[in-house]
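# Chain and residue survey
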Amino acid sequence: MSPEVAGAGAAGADGPLKLAVPRGALLAGTLDLLDAAGIDTSAARGESRSLIFAAGDVTLITMRPSDVPTYVEAGAADVGITGKDVLLEQADRMVYELLDLGYGRCRMVLAGRKGDRRLGESQRRLGMMRIATKYPRVAERHFESTGRQVEVIEVKGSVELAPLVGLADGIVDLVASGRTLDENDLEVREEIVECTARFVANRVAHKLRATEVDELTARLREATVK
Amino acid sequence: MIHPIPPGTRDVLPDEMRELRRLQRALMEVFESRGYGEVATPAIEYDEVLARGDSRSGGGAYRFFDEGGELLALRSDMTVPIARLVATRYASAEGPLRLCYLANAFRAVRPQRGQMREFAQAGVELIGAPAPGGTAEVIEVLEAALGAAGLDRAVIGLGDADLFRQLLAELGVGGEARESVLARLATHDLVGLEAELSAIDGIGEEQRATCVALSQLRGGREVLDEARALGGVAVERATARLGETFEALEAAGAADRVRIDLGLLRDLGYYSGAILEVYDPALGHVLGGGGRYDGLLKRFGVDLPAAGFALYLERVHMAQLEEEPGGGEDR
């Protein structure tokens, strides 16, 4: 263990547990699950621009899914929900992964242009593929573990664009229905990993607020099975 | 003009230094009053010597050659240098040795994470005193140190480093499978843990549930009974050991802060038996840790049981600030 000093926040032994909730694609599923677990999320469902909502015995803190590990690791949120894709990409964030919540199911894939042989050709003749992705570390690990050399190009916006205009030979991205790929003339070449929403905890909160964390975990587990 | 310093290092200015010194003095007073004598060792050692102590991390993160071509390294903690010191300077000493230190150590950082490359540690090493008495003494000193730092809400987690290693051996899980299960336990990836265990032939539903449940048991004394109910030789051995330590602490009136945590695993390669971690509700990070390392001294040629702990000074200071009335609010 090495000390990480910056960003250390208060784990807060008092008051309600702070739960980091992902905005975006996982939000609806998350709020539904919390409702099923007996946490009233009505305040967070409105049009409010607020970021923090009281929900009975927990406080909901809404944020980008990719920020959840940051807040939870620092203890600014005691527990949180985010996608496995985020956790894989930020594998060095020390958070406890307590539960697979089952929803938000999607696949991390390698995709290329339909009928296009560029991926294979680059690999064969240049010894290297160029891969655009929002998940550089997941991509690097995948190709490294399968013994292939790649140049990973990190992009922030629509990754599908990269192979269409020749920035990259292929992309590594998250696919739910596959419609976006299809509409952009791309197809899945390899499946890397399946991702779902996960329940995570700060390690100090997991120790110091053990009863509350365990009880919430149990409620979520039950609601997940339902 | 701005002249940069490497990320993960820092200057300390008088206001902070004054508070840090006060904290250092308070801690050293506690150590000295309990018979722990302060030692200093060089920040630079031979890489080979440091690597002997912690083969897993392979010596220090910062290595360089001296003018004679020798490979040197910056120490990454004080436990290994003190093991080296004891083996060299106190090889024939009798009775337990009580040593303490206040020193900077160096670790590699991951970029962009605000981690410290150089950080200050204050700690003790009790060498030649076996469990449970030695462990209890170290925890008592730690408890007093936290009191002296004014961290009245701080908690000491007490676990057993051998529990899962022995439990897996008992279940017939070895080699690579065991290492990957232990890695999941160390990072507390319960989803991954269940998946790893499911993939191992010969591990049934029940044994899987036992492993997962054990890793989640934490709390007061009652935890030991809950663990025992799950059964097994490894569990019996670990709970007996933890029970003895806890009783010794209760007898000394130092058990109030201690929470037993069977899921506690530290990633330093040399721990055996009891392991410790320190938390404060004001901070999301661990304030320090330690435990027993009965096999470490043997690697340096002296077979002595040992235990100790180290507090990360900067983090303790940060927790002090948060624990001041209104400290966490108006900053």
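As a reminder, the structure under discussion sits directly above these lines.
No experiment lies behind these values; they were computed from the predicted model shown.

A word on the overall build of chain B. Along the backbone of chain B there are 12 helices and 12 strands. For a compact globule of 331 residues, the expected C-alpha radius of gyration is about 20 Å, and chain B comes in at 20 Å, within 12% of that figure. Over its C-alpha atoms, taken along the principal directions, chain B stretches across nearly 65 × 55 × 50 Å. A total of 331 residues make up chain B; the buried ones form 52% of that total. Contacts spanning at least 24 positions in sequence make up 67% of the contacts within chain B whose residues lie at least 6 apart. Just so you have it, chain B exposes about 14500 Å², and 50% of that area is on carbon and sulfur atoms. Taken together, the 35 basic and 53 acidic charged side chains of chain B have centroids lying 3 Å from each other.

This brings us to the packing of helix α9 (residues 222-230) of chain B against helix α10 (residues 233-251) of chain B. Residues and elements named next belong to chain B. At their nearest, the axes of α9 and α10 sit 9 Å apart, and the two run at 165° to each other. Between α9 and α10, the interaxial angle falls into the category roughly antiparallel. Between α9 and α10 the crossing geometry is left-handed. Seen from α9, the contacting residues are Leu224, Ala227 and Arg228; seen from α10, they are Val235, Glu236, Thr239, Ala240, Leu242 and Gly243. For the contact of α9 with α10, a count of residues per class yields five nonpolar, two polar and two charged.

It is worth spelling out the sheet that holds strand β8 (residues 150-154) of chain A at this point. Residue and element names in this part refer to chain A. The strand order across the open sheet formed by five strands is β8-β7-β9-β6-β10, and the pairing between neighbours is mixed. If you trace the sheet from one side to the other, it starts and ends with β8 and β10 (186-195), each paired once. The average undirected angle you get between the axes of adjacent strands in this sheet is 25°. In this structure, strand β7 (residues 129-133) lies alongside β8, joined through five bridges in parallel fashion. When the sheet's bridge partners are listed, Ala132 is paired in β8 with Ile153. Sitting on the sheet, helix α5 (residues 118-126) is in contact with β6 (106-113), β7, β9 (170-175) and β10, with an inclination near 130° to β7. Here helix α6 (residues 136-145) sits on the sheet and contacts β6, β7, β8, β9 and β10; the angle it forms with β8, its principal contact strand, is near 170°.

Residues and elements named next belong to chain A. If you check helix α10 (residues 210-225), its first and last C-alpha atoms are 22 Å apart, about what 16 residues at 1.5 Å a residue would give, namely 22 Å. All buried positions along α10 are accounted for by Ala210, Val213, Leu216, Thr217, Leu220 and Ala223. Mapping the buried residues of α10 onto a view down its axis gives an arc of 165°, with all of them on the same face. In α10, the exposed positions that point more than 90 degrees away from the buried face belong to Thr211, Glu222 and Val225.

All names here are of chain B. Running from N to C, helix α4 (residues 133-148) and α10 cross one another at 50°; their axes reach a closest spacing of 9 Å. Classified by the angle between their axes, α4 and α10 sit oblique to one another. In the crossing of α4 with α10, the sense of the turn from one axis to the other is right-handed. Note on element contacts: α10 touches α4 through Thr245, Ala248 and Leu249, opposite Thr135, Ala136, Ile139 and Glu140. Residues of the contact of α4 with α10, tallied by class, amount to four nonpolar, two polar and one charged.

Among the structural elements, Leu13(B) can be located in the segment before α1 (14-33). Residues Leu13(B) and Phe119(B), spaced 106 residues apart in sequence, show a C-alpha to C-alpha distance of 15 Å.

This brings us to the side chain of Gln216(B). Relative to the helices and strands, Gln216(B) is located in the loop between α8 (205-215) and β8 (218-219). Only 3.5 Å separates the side chain of Gln216(B) from the side chain of His188(B), close enough to count as a polar contact. Ignoring sequence-local partners within four residues, the contact set of Gln216(B) consists of Leu98(A), His206(A), Asp214(A), His188(B) and Leu190(B).

Right, let's talk about the packing of aromatic side chains for a bit. Residues and elements named next belong to chain B. By the definition in use, this model includes three aromatic pairs over all chains. Here the aromatic rings of Phe119 and Tyr312 are separated by 5.6 Å at their centres, their planes lie at 70°, and the arrangement is edge-to-face. Here Phe119 is found in strand β6 (residues 118-127), whereas its partner Tyr312 is found in strand β12 (residues 306-312), with 193 residues between them in sequence. With relative accessibility at 4%, the residue Tyr312 sits in the buried group. Between Tyr271 and Tyr293 the ring centres are 6.1 Å apart and the planes differ by 75°, which places this aromatic pair in the edge-to-face class. With a gap of 22 residues between them, Tyr271 in the loop between β9 (258-261) and β10 (274-279) and Tyr293 in the loop between β11 (288-292) and α11 (296-299) connect regions that are remote in the sequence. Just as Tyr271 is buried, Tyr293 falls in that class too.

Conventions adopted
Residues numbered from 1 in each chain as written. Chains lettered and ligands numbered in written order. Predicted model: local features only at pLDDT ≥ 70, side-chain atom pairs only at ≥ 80, totals over all residues. Heavy atoms only, no water. Helix = DSSP H or I, 4+ residues; strand = E, 2+ residues; numbered from the N terminus. Rg over C-alpha atoms; globule rule 2.2 N^0.38 Å. Buried < 20%, exposed > 50% of the residue type's maximum accessible area, 1.4 Å probe, protein only. Contact = heavy atoms within 4.5 Å. Areas by Shrake-Rupley, 256 points an atom, 1.4 Å probe, with all protein chains shown as cover. Lys, Arg positive; Asp, Glu negative; His and termini not counted. Charge placed at Lys NZ, Arg CZ, Asp CG, Glu CD. Axes fitted to C-alpha atoms, helices over the stretch in contact; angles between N-to-C directions. Parallel < 35°, antiparallel > 145°, perpendicular 65-115°, else oblique. Left-handed = near helix turned anticlockwise from the far one by under 90°. Nonpolar A, V, L, I, M, F, W, Y, C, P; charged D, E, K, R; others polar. Pairing = 2+ DSSP bridges. Expected span 1.5 Å × (residues − 1). Arc of directions from axis to C-beta. Polar contact = N/O pair within 3.5 Å; in protein donor to acceptor, adjacent residues only side chain to side chain. Phe/Tyr/Trp six-rings, centres within 6.5 Å; stacked < 30°, edge-to-face > 60°.

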